[in-house]
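This is what each chain is made of:
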Amino acid sequence: MKYDVAIIGAGITGSSIAFELSKYDLKVVLLERENDVAMKTTKANSAIIHAGYDPKEGTKMARLNVLGSSLIHDYAEKLNFHYKQIGSLVVGRNEKDHEIIDKLFERGNKNGVPNLKVLKTRKEIEDLGETNLHEDIDYALYAPSAAIVSPWEMCLSFAENAVKNGVALKLNCKVNDITKVGDSFEIETSLGKVESDYVINAAGTHADDIYKLVLKEKADKSFTIVPSRGEYYLLDKDEGNLVHHVIFQTPTEMGKGVLVSQTVHGNLIVGPDADINNATKDCVHNTSKSMAYVRSTSVLSVPSISFGSNIRNFAGIRATLKEYDDFLIEESNEVKGFINFAGIKSPGLSCGPAFGLEAVEILKGIGVQLNKKKDYEYVRRPTFFKDLSDDEKLEMIKKDSRYGQVICRCETVTEGEIIHAMHEIIPARTLDGIKRRVNSGMGRCQGGFCGPKIFELLMEELHLSYDQIYQDREGSQVVVCRTKGEN
Amino acid sequence: MNFLNVDLLIIGGGPAGLAAAYGAYNAGIRDILIVERDHRLGGILNQCIHNGFGLHRFKEELTGPEYAQRYIDMLKDTSVKVVSDSMVLDLSADRVATIMSSKEGLRKIQGKAVVLAMGCRERSRGAISIPGDRVAGVYTAGAAQKYCNIDGYLVGKRVVILGSGDIGLIMARRMTLEGAKVLADVELMPYSNGLNRNIAQCLNDFDIPLYLSHTVTDIIADEDNKRVKKVVISKVDENRRPIPGSEVEFECDTLLLSVGLIPENELSTKAGVILDKRTRGPLVKDNLETSVEGIFACGNVLQVHDLVDNVSAEGERAGLGAANFINNGEVKGDLVEAVPGEGVSYLCPQLITKEGEYVDLFFRVRTPTSNCKIVAKVGDKVVRSIPKIKVIPSEMESIRIKKADLLDKKVVVQLEAK
Amino acid sequence: MIKEFVCISCPRGCNLKVDTETLKVEGNSCPRGEAYGKAEVTNPVRTITSTVKIKGAESPRVSVRTDKPISKQLMFKVMEELDKVELKAPCKVGDIVIKGIFGTDVNIVVTKEMKGV
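Okay, the domain arrangement of chain C next. What the domain assignment reports for chain C is domain 1 (2–42) and domain 2 (49–110). One C-alpha centre belongs to domain 1 of chain C, the other to domain 2 of chain C, and the line joining them spans 28 Å.

A separate point is the interface of chain A and chain B. Across the boundary between the two partners, chain A contributes 48 residues, which contact 42 residues of chain B. Elements represented by at least two residues in the side of chain A that touches chain B include exactly β17 (285–286), α7 (288–298), β18 (310–321), α10 (390–399), α13 (450–462) and β23 (481–482) of chain A. Of the residues in the side of chain A that touches chain B, the class split is 16 nonpolar, 18 polar and 14 charged. When β23(A) meets strand β12 (residues 153–154) of chain B, the two strands line up antiparallel, connected through two bridges. Bridged to A:Cys481 within β12(B) is B:Leu154.

Turning our eyes to something else, we now look at the packing of helix α1 (residues 12–21) of chain A against helix α9 (residues 353–365) of chain A. Residues and elements named next belong to chain A. Direction vectors running N to C along α1 and α9 enclose 60 degrees, while the axes themselves pass 7 Å from each other. With respect to each other, α1 and α9 are oriented oblique. The two elements α1 and α9 cross, and the hand of that crossing is right-handed. On α9, the residues touching Thr13, Ser16, Ile17, Phe19, Glu20 and Leu21 of α1 are Pro353, Phe355, Gly356, Leu357, Ala359 and Val360. In terms of residue class, the contact of α1 with α9 is built from eight nonpolar, three polar and one charged.

Turning next to the nonpolar core. Formed by 290 residues in total, the largest nonpolar core has its most connected members in B:Ile10, B:Ile11 and B:Val115. The contacts of B:Ile10, once residues within four sequence positions are left out, are B:Gly17, B:Ala20, B:Ala21, B:Ile32, B:Leu33, B:Ile34, B:Val35, B:Val115 and B:Ala117. Listed in part, the 17 residues of the second largest apolar core include C:Val52, C:Val62, C:Leu82 and C:Val93.

Residue and element names in this part refer to chain B. Taken in spatial order, the five strands line up as β24-β22-β29-β26-β27 in an open sheet, and their pairing is mixed. Two strands close off the open sheet at either side, each with one partner strand: β24 (351–352) and β27 (381–391). Where strand β26 (residues 369–378) meets β27, nine bridges bridge the pair, whose relative direction is antiparallel. Bridge pairing links Cys372 to Lys388 in β27.

Turning our attention to the domain arrangement of chain B. Residues and elements named next belong to chain B. As far as domains go, chain B holds domain 1 (1–122 + 260–331), domain 2 (124–259) and domain 3 (334–418). Centre-to-centre, using C-alpha coordinates, domain 1 lies 26 Å away from domain 3. Between domain 1 and domain 3, the residue contacts involve 15 residues of the former and 15 residues of the latter. Per-class residue counts for the side of domain 1 that touches domain 3 are five nonpolar, five polar and five charged.

Attention shifts here to unusual backbone geometry. Omega for the bond connecting A:Gly271 with A:Pro272 falls within 30 degrees of zero, at -10 degrees, which places this linkage in the cis form. Between B:Cys348 and the following residue, B:Pro349, the backbone shows a cis peptide bond with an omega angle of 0 degrees. Within the secondary structure layout, B:Pro349 lies in the loop between β23 (344–348) and β24. Phi at A:Asn439 is positive, roughly 80 degrees, even though this residue is not glycine. Structurally, A:Asn439 can be placed in the loop between α12 (431–438) and α13.

For the rest of this paragraph, the subject is the environment of C:Glu40. All names here are of chain C. Its location among the elements puts Glu40 in helix α1 (residues 31–42). Taking the C-alpha atoms as reference points, Glu40 and Thr66, separated by 26 residues in sequence, lie 18 Å from one another. Once residues within four sequence positions are removed from consideration, Glu40 is found in contact with Phe5 and Val18.

Our next topic: the interface of chain A and chain C. Every contact between the two is made by four residues of chain A and, on the other side, five residues of chain C. Residue classes in the side of chain A that touches chain C are distributed as no nonpolar, two polar and two charged.

All names here are of chain A. Alternating residues of strand β11 (residues 184–189) divide into Phe185, Ile187 and Thr189, all buried, and Ser184, Glu186 and Glu188, none buried. When strand β10 (residues 175–181) meets β11, the two strands line up antiparallel, connected through six bridges. Following the sheet pairing, Asp177 is matched in β11 by Glu188. Linking two consecutive strands that pair antiparallel, namely β10 and β11, is a turn of two residues; a positive phi of about 65 degrees is found at Gly182 within it. Pairing of β11 with strand β12 (residues 192–201) involves five bridges; the strand directions are antiparallel. Bridging across to β12, Glu188 finds its partner in Lys193. Hairpin geometry of β11 and β12 is characterised by an intervening segment of two residues between the two adjacent antiparallel strands.

Quick look at the sheet that holds strand β10 (residues 108–110) of chain C now. All names here are of chain C. Read from one edge of the open sheet, five strands run β8-β5-β6-β10-β9, paired in mixed fashion. Each edge of the sheet is formed by a strand with only one pairing partner; in this case those strands are β8 (86–88) and β9 (96–98). Strand-to-strand twist in this sheet, taken as the mean axis angle between neighbours without regard to direction, amounts to 45 degrees.

Now for the pairing of strand β7 (residues 139–143) of chain A. Residue and element names in this part refer to chain A. Of all the five residues making up β7, five are buried; the element is thus mostly covered by neighbouring parts of the structure. Side-chain alternation along β7 places Tyr139, Leu141 and Ala143 on one buried face and Ala140 and Tyr142 on a second face that is also buried. As judged from the five bridges shared by strand β5 (residues 88–92) and β7, these two strands associate in the antiparallel manner. Following the sheet pairing, Val91 is matched in β7 by Ala140. Direction of pairing for strand β6 (residues 117–119) relative to β7: antiparallel, over a ladder of three bridges. What sits directly across from Val118, in β7, is Leu141.

What follows deals with helix α7 (residues 308–328) of chain B. For α7(B), built from 21 residues, the straight-helix expectation of 30 Å at 1.5 Å per residue is met to within 8% by its first-to-last C-alpha distance of 30 Å. With 15 of 21 residues buried, α7(B) is to be regarded as a mostly interior element.

All names here are of chain B. Viewed as axis vectors pointing N to C, helix α3 (residues 141–151) and helix α4 (residues 166–177) meet at an angle of 35 degrees, and their least axial separation amounts to 9 Å. α3 and α4 meet at a crossing whose hand is left-handed. Between α3 and α4, the contacting residues are Ala141, Gly142, Ala144, Gln145 and Cys148 on the first element and Ile167, Gly168, Met171, Arg174 and Met175 on the second. Within the contact of α3 with α4, the residues separate by chemical class into six nonpolar, three polar and one charged.

This part takes up the environment of A:Phe105. Residues and elements named next belong to chain A. Examined against the element boundaries, Phe105 turns out to sit in helix α3 (residues 95–111). For the pair Phe105 and Leu116, spaced eleven residues apart in sequence, the C-alpha separation works out to 6.8 Å. The residues touching Phe105, leaving out its near neighbours within four places in the chain, are Leu116, Val118 and Leu141.

Quick notes on the rules
- Residues numbered from 1 in each chain as written.
- Chains lettered and ligands numbered in written order.
- Predicted model: local features only at pLDDT ≥ 70, side-chain atom pairs only at ≥ 80, totals over all residues.
- Domains from an automatic or database assignment.
- Contact = placed C-beta atoms within 7 Å.
- Helix = DSSP H or I, 4+ residues; strand = E, 2+ residues; numbered from the N terminus.
- Nonpolar A, V, L, I, M, F, W, Y, C, P; charged D, E, K, R; others polar.
- Pairing = 2+ DSSP bridges.
- Axes fitted to C-alpha atoms, helices over the stretch in contact; angles between N-to-C directions.
- Parallel < 35°, antiparallel > 145°, perpendicular 65-115°, else oblique.
- Left-handed = near helix turned anticlockwise from the far one by under 90°.
- Core = buried A, V, L, I, M, F, W, Y, C linked by C-beta atoms within 7 Å.
- Buried ≥ 20, exposed ≤ 12 C-beta atoms within 10 Å, placed from the backbone.
- Expected span 1.5 Å × (residues − 1).

Have a look at this one:
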């Protein structure tokens, strides 16, 4: 089958574009080299929907951030992914900080960020409930439209709506080559050849590698992606109420500082740093240097963070563009019909659906006929069992008794939910795939107790053998052999 | 929703919960219900298939499952009821538990008294912020034990173990016997956190080297970022900071973590039970009653034990405490505070009632110490002093004090030179 | 010659000194320690705990042990024998899996009750 549009990469950018394009009479394919969506930058970041005062006025970043933030607010309700509009504070403590905050306020207003306010006294800040901030802090930019989100759930939700409405999702599909043949493209993948009239490159840290494939001998015309690694702490829910807004530090020439925020699941997230020296495109590792930086920097805004309550460290890779401080979103000048969405670093997550609208505009601009589908069916994420009322819980158990069996005790995730995750529109087939959908293993014991149980459930329900059960990436076996000489 | 009343509700059917039921039953309570989240009773003992349990309690050496079976048999033909595959989702201060199971759906059960016996969980990689790649192949020793002893799988074939707690040592032997190669056991402290006998029979028997004063400083993934390929360890200085240049690399596919246990107190907190920052378990009186009237605690949810025999003893005392509460109500009168002094990291119980002749205070020392004495003081007066040839943090100590000697608001227990 | 051992008879883990010629044991706190010390220099023995395959039970393995300590040298050989065993549920604590393994008086016994499913 020949597609109208092939999207490369099922992170938040590619999934959002697929979602928007699925609303039109188009044949769309979404190609992802990993075994699930949201597997790279989308799954490891601050999980913040920024208000949009940060990007310079007039940039694509500024426009798409402000638009995306309001779209995500609406979609969270419509599609039922975890999202909480808790607002953000950029906190400052001296004259210099005050000036920068005032400038951010002006910039935010120009960018169209709603309801921004500068809080000029400690009392105004404390009145918002922030009583645990460093005693020096006396000035803040308050952005009530900022929010927190479950990034992988949002991405999954967009991708599954796309699939539900006709987009073909190909997982474990690595793009090896792209050739323009006549007016369309031939994409060689690990799953065979895919043909398409247009290609949208949403390959994140690999966007330059993908672009070079189609540029062939003109590869030097490609932009360059510089991976930047950022490390985080994720603390126990006991610490989740330390702050009630996303707390940013005042950005300086030295960097943006680190943020402290609640997560949608009630944990406390602290980070990131930004390291381009120890970053590669695929390897996300934690270093003691970065972790020390995050600890020592974060306590400048919230001194009482108890790092002894840490339950997980992680690192994310961001795709920054060399010598270019905006998203690069445009049809290639070299190869017509090839559209780049490159350099999607922060606030990329906050743009989400706005990328989809942008893709529609670009396709229209190059003469693609776009007709809206008459019947569009939205699918909603299932509500977590633990968030249901007692009556709803009883009802679920009555329908399927497996909802009465708790598998993940830290997060109260039931067998019913785990089985359901294996049969979703985009089904989970790995321990971490289940985790991203239902939150199992996200808690204090980090899967120590529920891991072996979910391992068994995956084998039983999907009729897989032990060596086909992966922790996360394809091939990342959980166990290596049976005991007692059994095969 | 169904609402049920029982005299004693016990949350958790592991060694602590079983002993609590036994203790309460012997004290005359008949309407006892144990709620167990797993399919079978016995808790973590079911996967602890090694021997070494029961020397104190039963005067013979049993394996974990055998030890559990003893208590299960002791409760057989009694009126103690058990609901298994049932999770307590919520617990209120008025002792109403919300219990869920596939069979019964949701129920609320109120106990005249409640015993918390939920056990503990293992600290994971995040709790100690191990640097390195984030890939498959890093497990807690307990998870590896479940895979191995219950489900029949090996999580890896070439293994490095971080932490020399007993579960880590036991797993070194288990995985070796099952055909894996255990390359090293790495311990941050200059001494082991496990029992000496386990170092002897789990490491030395198999020539597995123990690296004291070392820690894992890097985890390196294979080329495809799928699985652990190398673990790097470094020597640490006296401040437990890695010393650059001291790195040793191990080619392996697995890192097992045995880096401590944390009481599992989610439910306790929901009921408003106050926790002790030191033990991370409930603050209790010597009848093992928590800060919430009628709610008792025992076993690893109260303080992390190293011997199941002690868990059972504590469970039976909690059962007795709960029985007395059901029969006679709250223990009245002033309380004496038990305060850990020099060299002692915590004391449990933290509060002492006037009831009874004596109190046993349990604790751990901070560092290994030779030729010392454990001293209990009320004001300036030494009320008890026990000479010790050697004390180590991995072995729980106790001191018995006559209540008649507690003539002040607090008693301090400390370690002193001989 | 004096050899040093950590006694494994109980959690106390006494440091033993054993004279290999006279078999005199020092450092023990109980008779079990003395017996252990003597055995360590003559014929060291260990209790082996492991699992065997089981069919028709809630899990695919059931735990087993030697009912008394067996020569340390036989540890891995015993493990090989255990590989060959497959039980059928139900079974209960104490059921003999292998009687008198390798011609010794040591039996392999079940340590966990397994009901049939």
